[in-house]
Amino acid sequence: MHVTNMAKEQVTKLFRDANANPALKEQLNSAPNLETFVEWAQGLGYDFTLEEWREVTILQVEELKSKVSEIPGI
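Residues numbered from 1 in each chain as written. Predicted model: local features only at pLDDT ≥ 70, side-chain atom pairs only at ≥ 80, totals over all residues. Heavy atoms only, no water.

Trainee: Residues and numbers for helix H1 (residues 5–20), please.
Mentor: With 16 residues, H1 should cover 22 Å at 1.5 Å per step; its first-to-last C-alpha distance of 22 Å lies within 8% of that length. Restricting attention to buried positions, one finds in H1 the residues Ala 7, Gln 10, Val 11, Thr 12, Leu 14 and Ala 18. (Helix = DSSP H or I, 4+ residues; strand = E, 2+ residues; numbered from the N terminus. Expected span 1.5 Å × (residues − 1). Buried < 20%, exposed > 50% of the residue type's maximum accessible area, 1.4 Å probe, protein only.)

Okay, here's the thing in structure tokens:
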């Protein structure tokens, strides 16, 4: 599956909004599972699917790992 730029932007927006809004972060972190988390996010207006969430977060983790591995001593 290829993640659309829109989905990637929506996931990134959710990360930013959650970091800026502790109540939002707490609400989403209280989801009992990933499916509920995505449903809640969709209910709040974020437009991505469970599959897109998984793919975007995997891509972001891989990107972070590659950036971290370029830092000497890590």
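Trainee: Kindly report on the nonpolar core, identifying the contributing residues and their values.
Mentor: Counting residues in hydrophobic clusters, the biggest one holds 16 residues, and the most contacted among them are Leu 14, Leu 24, Phe 37, Val 38, Tyr 46, Phe 48 and Trp 53. Elements that contribute at least two residues to this core include exactly H1, helix H2 (22–29), helix H3 (34–43) and helix H4 (50–69). Among the elements that line this core, the one with the most residues is H1, at four residues. (Core = buried A, V, L, I, M, F, W, Y, C linked by side-chain atoms within 4.5 Å.)

Trainee: Report on the packing of aromatic side chains, specifying residues and quantitative values.
Mentor: Evaluation of the coordinates by the stated rule reveals three aromatic pairs. Ring centres of Phe 37 and Trp 53 lie 4.8 Å apart, and the angle between their planes is 55°; this geometry places the pair in the tilted category. Pair noted here: Phe 37 is in helix H3 and Trp 53 is in helix H4, with a separation of 16 residues, a long-range link. For the pair Phe 37 and Trp 53, one class covers both residues: buried. Relative accessible area serves as the criterion here: at 11%, Trp 53 is assigned to the buried category. Put simply, the rings of Phe 15, Phe 37, Phe 48 and Trp 53 touch in pairs and so form one group of aromatic residues. (Phe/Tyr/Trp six-rings, centres within 6.5 Å; stacked < 30°, edge-to-face > 60°.)

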